[in-house]
Amino acid sequence: MNSDSNEVVIIGGGPAGSALGCYLSKAGIKNTIFEAANHPRPHVGESMVMSSVRVFDEIDFLPVLEREGFPKKYGASWHPPVTKGEADISFDEFPQEGVNQDYTYHVDRQRFDLLLLKHAESLGTRVYQGVQASEVLFDENKYARGIRLRIAEQEVEVPARMVVDATGRQTLLGKQLRVKKNDPIFDQFAVHAWFKNVEKAKEKSSNYIHIYFLPVERGWAWQIPITEEITSMGIVAEKKVFKEGRMAPGDYFEKYVASNPDLAHAMRHAKRVNDFKLEGDYSYKMDTFAGNGFVLIGDAARFVDPIFSSGVSVALYSAKYSSERIKYAFEHNDFSEAVLKPYEKKLRAGTEIWYEFITLYYKLLPLFTKFIESKQHRVEVLRLLQGEVFDRSEVPVLDAMRKFIRTVEETPGHALAPMLSNIPIG
Amino acid sequence: MSATLSLPPKLLEYLNESRQPLPPITDPDQPLQIDSLGLIRLISFLETELGIRVEDEELLADNFATARALGELLASKSAGAANE
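It should be emphasised that the depicted structure is a prediction, and the values quoted were computed from it without experimental measurement.

(A) The arrangement of the overall build of chain B in detail. Along chain B, the regular secondary structure elements total 3 helices and 0 strands. Ordered by position in the sequence, the α and β elements of chain B form the string α-α-α. For chain B, buried positions account for 19% of its 84 residues. When contacts within chain B are restricted to residue pairs at least 6 apart in sequence, long-range pairs at least 24 apart make up 55% of them.

(B) Expanded view of the overall build of chain A. Looking only at helices and strands, one finds 13 helices and 22 strands in chain A. The C-alpha atoms of chain A give 22 Å as radius of gyration, which agrees with the globular expectation for 426 residues (22 Å, within 12%). The 426 residues of chain A split such that 49% are buried.

(C) Up close: the sheet that holds strand S10 (residues 154–159) of chain A. Residue and element names in this part refer to chain A. Pairing is antiparallel across the open sheet formed by 3 strands, whose spatial order is S8-S9-S10. Two strands lie at the open edges of the sheet, namely strand S8 (132–138) and S10, each paired on one side alone. Neighbour to neighbour, the strand axes of the sheet diverge by 25° on average, direction disregarded. Where S8 lies against strand S9 (residues 144–151), 6 bridges are found, and the strand directions are antiparallel. Counted as the bridge partner of Gln132 is Arg150 from S9.

(D) The arrangement of the packing of helix H1 (residues 15–26) of chain A against helix H4 (residues 109–123) of chain A in detail. Residue and element names in this part refer to chain A. Running from N to C, H1 and H4 point in directions that differ by 20°, and their axes come no closer than 8 Å. Considering their axes alone, H1 and H4 lie roughly parallel with respect to each other. Judged by the sense of rotation from one axis to the other, the crossing of H1 with H4 is left-handed. Packed against H1, whose contacting residues are Pro15, Ser18, Ala19, Gly21, Cys22, Ser25 and Lys26, the element H4 presents Asp113, Leu116, Leu117, His119, Ala120 and Leu123 at the interface.

(E) Quick peek at the pairing of strand S15 (residues 220–225) of chain A. Residues and elements named next belong to chain A. Counting buried residues in S15 gives 6 out of 6 residues, a clear majority hidden from the surface. Along S15, one buried face is formed by Trp220, Trp222 and Ile224 and the opposite face, lined by Ala221, Gln223 and Pro225, is buried too. Inspection of the sheet shows strand S14 (residues 209–213) paired to S15 by 4 bridges, in the antiparallel sense. Paired with Ile211 across the bridge in S15 is Trp222.

(F) Spotlight on unusual backbone geometry. At the junction of His39(A) and Pro40(A), the peptide bond is cis and its omega measures out at 0° in the coordinates. Its place among the elements puts Pro40(A) in the loop between strand S2 (31–35) and helix H2 (51–58). Look at the link from Gln20(B) to Pro21(B): it is a cis peptide, with omega at 10°. Residue placement: Pro21(B) occurs in the loop between helix H1 (9–18) and helix H2 (36–50). Phi is positive for Ser309(A), close to 55°, though the residue is something other than glycine. Considering the arrangement of structural elements, one finds Ser309(A) in the loop between strand S22 (302–303) and helix H9 (311–332).

(G) Fine view of the nonpolar core. Residues and elements named next belong to chain A. Ranked by size, the top nonpolar core spans 138 residues in total, and within it Ala19, Leu20, Met162, Val164, Ala221 and Ile297 carry the most contacts. Among the elements that line this core, the one with the most residues is H9, at 10 residues. Setting aside chain neighbours within four positions, we find Ala19 in contact with Val55, Ile59, Leu116, Ala315, Leu316 and Ala319.

(H) Examining the interface of chain A and chain B more closely. Counting residues at the interface gives 15 residues for chain A, matched by 14 residues for chain B. Listed by contribution, the elements that provide at least two residues to the side of chain A that touches chain B are helix H11 (365–372) and helix H13 (396–410) of chain A. In terms of residue count, the dominant contributor to the side of chain A that touches chain B is H11(A) (3 residues). Its residues placed into classes, the side of chain A that touches chain B shows 7 nonpolar, 6 polar and 2 charged.

(I) Examining the environment of Thr231(A) more closely. Residues and elements named next belong to chain A. Tracing the backbone through its elements, the reader meets Thr231 in strand S16 (residues 230–238). In this structure, the C-alpha to C-alpha distance between Thr231 and Trp194, residues 37 residues apart in sequence, is 5.6 Å. Not counting chain neighbours up to four residues away, the residues in contact with Thr231 comprise Trp194, Phe195, Val198, Gln223, Ile224, Pro225 and Ile226.

(J) Representation of the environment of Pro80(A) in the model. Its place among the elements puts Pro80(A) in the loop between strand S4 (75–79) and strand S5 (87–90). Ignoring any residue separated from it by four or fewer positions in sequence, one finds Pro80(A) in contact with Gly85(A), Phe213(A) and Leu37(B).

(K) Representation of the pairing of S14(A) within the structure. Residue and element names in this part refer to chain A. Across the 5 residues that make up S14, a large majority, 5, are buried. Burial along S14 is two-sided: the residues Ile209, Ile211 and Phe213 and His210 and Tyr212 are all buried. Hairpin geometry of S14 and S15 is characterised by an intervening segment of 6 residues between the two adjacent antiparallel strands and by a positive phi of about 55° at Arg218.

The rules behind each value
- Residues numbered from 1 in each chain as written.
- Chains lettered and ligands numbered in written order.
- Predicted model: local features only at pLDDT ≥ 70, side-chain atom pairs only at ≥ 80, totals over all residues.
- Helix = DSSP H or I, 4+ residues; strand = E, 2+ residues; numbered from the N terminus.
- Buried ≥ 20, exposed ≤ 12 C-beta atoms within 10 Å, placed from the backbone.
- Contact = placed C-beta atoms within 7 Å.
- Rg over C-alpha atoms; globule rule 2.2 N^0.38 Å.
- Pairing = 2+ DSSP bridges.
- Axes fitted to C-alpha atoms, helices over the stretch in contact; angles between N-to-C directions.
- Parallel < 35°, antiparallel > 145°, perpendicular 65-115°, else oblique.
- Left-handed = near helix turned anticlockwise from the far one by under 90°.
- Core = buried A, V, L, I, M, F, W, Y, C linked by C-beta atoms within 7 Å.
- Nonpolar A, V, L, I, M, F, W, Y, C, P; charged D, E, K, R; others polar.

Structure representation (structure tokens):
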């Protein structure tokens with residue numbers, strides 16, 4: 001496992017690390033991925049937004065997705081609590097520049113992550129699996145210059161010109177540098193499993209992601225097609241809802257399936273095909289995403305609530321934008337924080353837009369439906385839902401949402417006032 | 001149908017359909033029982049189908065409590081429009 005001290009070491013071979021491997025290999029920059037698990041390994045986060053397609057195209061991964069036959073995702077649909085009915089969006093309503101198809105994908109993450117890792121390898125990335133990194137090493141000038149690995153109970157030091165933390169929610173470097181800040185608001189919890197015989201909705205939306213609102217604070221359920229037969233189903237709510245319920249995961253799951261009429265209908269003949277999995281999902285961010293000789297990408301940098309399927313897109317764009325700065329660093333032989341920081345600025349601005357959108361969404365659930373169904377705002381909401389959050393100087397629709405919430409808060413007797421949650425919106 | 005229900009027929013039809021399985025509205029003072037999402041849909045219906053725009057400030061619980069209240073809101077709006 002000799003590593004050249006003039007290459008990039010990427011810790012983690014999930015979507016962020018693998019996509020970065022692809023970008024760097026295509027640019028002729030030597031890079032190695034050290035992945036702790038042995039792929040395939042299970043992972044939650046199976047639905048994607050449209051903006052991901054642009055990155056897949058850039059790294060020549062679209063033919064793989066097509067060849068493997070992942071379900072095509074043409075849109076998204078929301079189902080209200082208590083009453084029946086749905087509000088949906090279709091991606092072809094708002095074509096995106098640089099995206100030549102009107103769908104993205106739902107993926108079995110075991111297969112998808114392995115394929116992307118193999119794709120990076122095929123482009124020239126060296127890949128080692130089953131190798132756990134324990135620490136990022138810094139030199140006397142406080143530049144990251146390598147990593148420490150644990151292999152068969154032995155510790156090995158691997159030198160590098162640059163280190164990338166793509167360890168996902170493990171957040172290796174964020175913890176080591178003590179720059180991780182847990183979000184004070186979002187502490188969500190998911191119980192999920194795969195099912196067969198889930199009843200598909202009407203034809204048009206049969207391959208959409210379906211989101212069901214649940215009659216509990218910040219509660220919702222996902223329905224994501226994985227294959228023709230198998231559907232991923234998950235119940236999400238605040239962690240305290242699960243804890244205080246003191247129920248077995250299966251009973252908890254059943255209880256909330258029954259709480260939404262459309263969801264109960266979709267699940268009436270469903271049979272579970274694997275074990276329930278539990279997922280703590282609290283949101284967090286690092287104080288810094290880039291420093292001397294290192295960057296943090298994907299979930300290792302920032303994690304926001306998964307309601308809008310943003311995770312893989314953020315991972316892919318963090319890879320894209322960090323690769324641009326890493327290329328610049330190699331061209332100028334300058335790996336300083338100043339050179340890498342523009343990546344952080346770009347990623348942070350984009351993820352903050354996601355975060356703001358998510359916060360406003362949870363602040364007043366009917367607001368989302370109102371804006372989706374409004375002639376004036378629909379296209380702008382769609383744009384956000386498709387993941388167009390990067391390189392934007394302003395997002396007027398978020399201001400309009402804030403204004404609407406203020407009106408609800410300040411107008412005595414407003415019909416939607418009882419629906420306001422206690423989330424601070426700044 | 002009661003003559004006191006002064007709502008446009010198209011709107012009344014929409015209200016009756018969307019409140020199923022509840023029975024159709026006959027009494028102008030019976031509660032409409034519209035939930036928040038139902039209200040959002042109603043606003044959207046008024047705007048797209050009847051060309052009536054309800055301002056955010058007018059989404060008061062009282063304005064949508066009964067058919068009579070809703071009728072009064074709409075009447076005040078068309079009176080306002082006529083004066084413009």
